[in-house]
Amino acid sequence: MAILVLGGAGYIGSHTVYELIDAGRDVVVADNLITGFRKAVHPKARFYEVDIRDKKAMDALFEKEHIEGVIHFAASSQVGESMVDPLKYYDNNLWGTISLLESMVEHGVDKIVFSSTAATYGEPERMPILEYDRTQPTNCYGETKLAMEKMMSWTSRAHGLRYVALRYFNACGAHASGEIGEAHDPETHLIPVILQVPNGQREKISVFGEDYPTKDGTCVRDYIHVTDLAQAHILALDYLIKGGENNVFNLGNGVGFTVKEVIDVARKVTGHAIPAEICPRRAGDPAQLVASSDKAKTVLGWKPQFNDLETIVSSAWAWHKAHPHGFEG
């Protein structure tokens, strides 16, 4: 039986496919390639260029392939964009998930691991964040992801679907093989944007706000290597296959770094000065997001292997230096 990875040509999805293939699993990838890349798909995975909002196409896929479980990455994921184009996020994220769940129910596929986000928490009440803390998103992206979680919960009650939602923090880094890495157009994630400076693609890095209630005034985030995230998705799917109940897990390293600290590590790794310019805050950015991942470690047996920021940035730099134009060059 195969594992269906939706959004498997994207950043975290492609890394999860690589880990699944390395573990000897049979993998089917579905991606509309709007933000994903065909070159990022592992050559041993069966690929379908499909949009999950196209229910007829999804039905045909489920009828052709014998799917044991689904890992769902197929969603729009830029916080800033979600604030200026919220209806795009409701269309792609919510309508896409409705279509997917309808197909799963109709074809008797009852296990799904869902790529959720720390943005479901909004501005946290305490640090580190625990899974049962208040969820009150401060941006449309987080709002749609939380709605997707609730959709799965109600579908579970009505149809017996079992799900795991993985609320992860800032994904970063690249695969050790150098075959795949992070490539977005436009790029919005902090580490690859910083690395565009030593790569000669921008003159300086913009720091959005330095008046947050943090040690140096810049936002604090918890950075987690993409390969560690990929392993967590596999562990979560196996947990469901073995009969595990519906669950939600945070994924992070439990350590927060400010934007200025990340820039300093990038300067050390690349040997480049990386000029920085302070700019106004962005809408929807919480001051701090740091995870407690104790539950994932206890229940899933998850053990992050790349939890040092310098190691994470070094792996990202190796990819971006070798692929300055991502999968296009």
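Values in this document were obtained by computation on a predicted structure and should not be read as measured data. (Residues numbered from 1 in each chain as written. Predicted model: local features only at pLDDT ≥ 70, side-chain atom pairs only at ≥ 80, totals over all residues. Heavy atoms only, no water.)

Visitor: Sorry if this is basic, but what is going on with the overall build of the protein here?
Guide: Within the protein, the secondary structure is distributed over ten helices and 13 strands. In terms of overall size, the protein behaves like a compact globule, its C-alpha atoms giving a radius of gyration of 19 Å where 329 residues would be expected to give roughly 20 Å. C-alpha atoms of the protein, sized along the principal axes, occupy 55 × 45 × 40 Å. Across the 329 residues of the protein, 56% fall into the buried class. Once local pairs closer than 6 in sequence are excluded, the contacts in the protein between residues at least 24 apart make up 77%. (Helix = DSSP H or I, 4+ residues; strand = E, 2+ residues; numbered from the N terminus. Rg over C-alpha atoms; globule rule 2.2 N^0.38 Å. Buried < 20%, exposed > 50% of the residue type's maximum accessible area, 1.4 Å probe, protein only. Contact = heavy atoms within 4.5 Å.)

Visitor: Mind showing me how you'd approach the environment of R134 here?
Guide: For R134, the position within the fold is in the loop between β5 (111–117) and α5 (140–159). Placed eleven residues apart in sequence, R134 and E123 show a C-alpha to C-alpha distance of 9.3 Å. If we ignore the near neighbours within four places in the chain, the residues touching R134 are Y121, E123 and E125. Reaching out from R134, the side chain makes a polar contact with the backbone oxygen of E123 at a distance of 3.0 Å. (Polar contact = N/O pair within 3.5 Å; in protein donor to acceptor, adjacent residues only side chain to side chain.)

Visitor: In this structure, what is going on with the sheet that holds strand β2 (residues 26–31)? I would like to understand it.
Guide: Sheet strands line up and pair through hydrogen bonds in the backbone, either parallel or antiparallel. Strand order in the open sheet made by the seven strands is β3-β2-β1-β4-β5-β6-β10, with parallel pairing throughout. Both outer strands of the open sheet, β3 (46–49) and β10 (247–251), are each paired with one neighbouring strand and no more. Here the strands of the sheet are splayed against their neighbours by 20° on average, with no regard to which way each runs. In this fold helix α2 (residues 55–64) packs onto β1 (2–6), β2, β3 and β4 (67–72), with an angle of close to 160° to the strand it touches most, β1. In the packing of helix α7 (residues 226–241) onto the sheet, contacts are made with β1, β4, β5, β6 (162–168) and β10, and the angle to β6 comes to roughly 160°. (Pairing = 2+ DSSP bridges. Axes fitted to C-alpha atoms, helices over the stretch in contact; angles between N-to-C directions.)

Visitor: Is there a simple way to explain the pattern of salt bridges in this structure?
Guide: As enumerated under the stated definition, the model contains 19 salt bridges in all. K260 serves as the salt-bridge partner of E210, at 3.0 Å between the closest nitrogen and oxygen. Taken as a pair, E210 in the loop between β8 (205–208) and β9 (220–225) and K260 in helix α8 (residues 259–270) lie far apart in primary sequence, 50 residues in all. Accessibility expressed as a relative area gives 29% for K260, which makes it partly exposed. Each of D26, R46 and E65 takes part in salt bridges that share partners, so that together they form one network. (Salt bridge = Lys/Arg side-chain N within 4 Å of Asp/Glu carboxyl O.)

Visitor: When you look at the nonpolar core in this model, what are you seeing that I'm missing?
Guide: If you look at the biggest cluster of nonpolar residues, it comprises 34 residues, and the most contacted ones within it are I12, V27, L166 and L251. When residues of this core are traced back to their parent elements, those giving at least two are β1, α1 (11–22), β2, β6, α7, β10 and α9 (294–300). Excluding anything up to four places from it in sequence, I12 contacts F73, Y168, A171, V226, L229 and H233. If you look at the next biggest cluster of nonpolar residues, it comprises 28 residues, including L4, F62, A74 and L161. (Core = buried A, V, L, I, M, F, W, Y, C linked by side-chain atoms within 4.5 Å.)

Visitor: I'm lost on helix α4 (residues 86–106) in this one. Help?
Guide: Here α4 is 21 residues long and its end C-alpha atoms lie 30 Å apart, about the 30 Å a rise of 1.5 Å per residue gives. Those residues of α4 lying buried are Y89, N92, N93, L94, G96, T97, S99, L100, L101, S103 and M104. Close packing links the buried residues of α4 with β1, α2, β4, α3 (79–84), β5 and α5. Remark: G108 follows α4 within two positions and exhibits a positive phi of approximately 70°. (Expected span 1.5 Å × (residues − 1).)

Visitor: What is the right way to look at the environment of E182 in this model?
Guide: Positionally, E182 belongs in the loop between β7 (170–172) and α6 (190–195). Its relative accessible area of 4% is what places E182 among the buried residues. Distance in space between the C-alpha atoms of E182 and T214 is 28 Å, their sequence separation being 32 residues. Apart from residues no more than four positions distant in its own chain, E182 is found in contact with Y11, A171, C172, E187, H189, P192, W319 and H320. There is a polar contact of 2.5 Å between the side chain of E182 and the side chain of H189.

Visitor: Sorry, what's going on with α5 here?
Guide: Owing to its 3.6 residues per turn, the α-helix aligns residues three or four sequence positions apart on the same side. When the terminal C-alpha atoms of α5 are compared, their 28 Å separation across 20 residues agrees well with the 28 Å that a helix rising 1.5 Å per residue should span. Considering only its buried residues, α5 is in contact with β4, α3, α4, β5, β6 and β10. A positive phi of about 80° marks G160, the residue just after α5.

Visitor: Would you take a moment to explain the side chain of N250 for this structure?
Guide: For N250, the location among the structural elements is in strand β10. Separated by 2.9 Å, the side chain of N250 and the backbone oxygen of I129 make a polar contact. Beyond its immediate sequence surroundings of up to four residues, N250 is in contact with Y121, I129, L130, E131, R167, F169, A291, S292, S293 and A296.

Visitor: What should I look at first to understand the environment of V220 in this one?
Guide: As for its position among the elements, V220 is in strand β9. Residue class for V220 comes out buried when judged on its relative accessible area of 8%. Setting aside its immediate chain neighbours within four residues, V220 contacts T214, G256, F257, T258, A287, Q288, L289 and V290.

Visitor: Before we go on, may I ask you to explain unusual backbone geometry in this structure?
Guide: Both trends apply: most residues other than glycine have a negative phi, and most peptide bonds are in trans. Of the consecutive residues M127 and P128, the connecting peptide bond is found in the cis state with omega at -10°. Here P128 lies in the loop between β5 and α5. The backbone of L33 shows a phi angle near 65°, a positive value even though the residue is not glycine. The exposure class of L33 is partly exposed, given its relative accessible area of 23%. Non-glycine residue I274 carries a positive phi angle of around 50°. Assessed through its relative accessible area of 0%, I274 is described here as buried.

As far as function goes, none of this settles anything; it's purely spatial.
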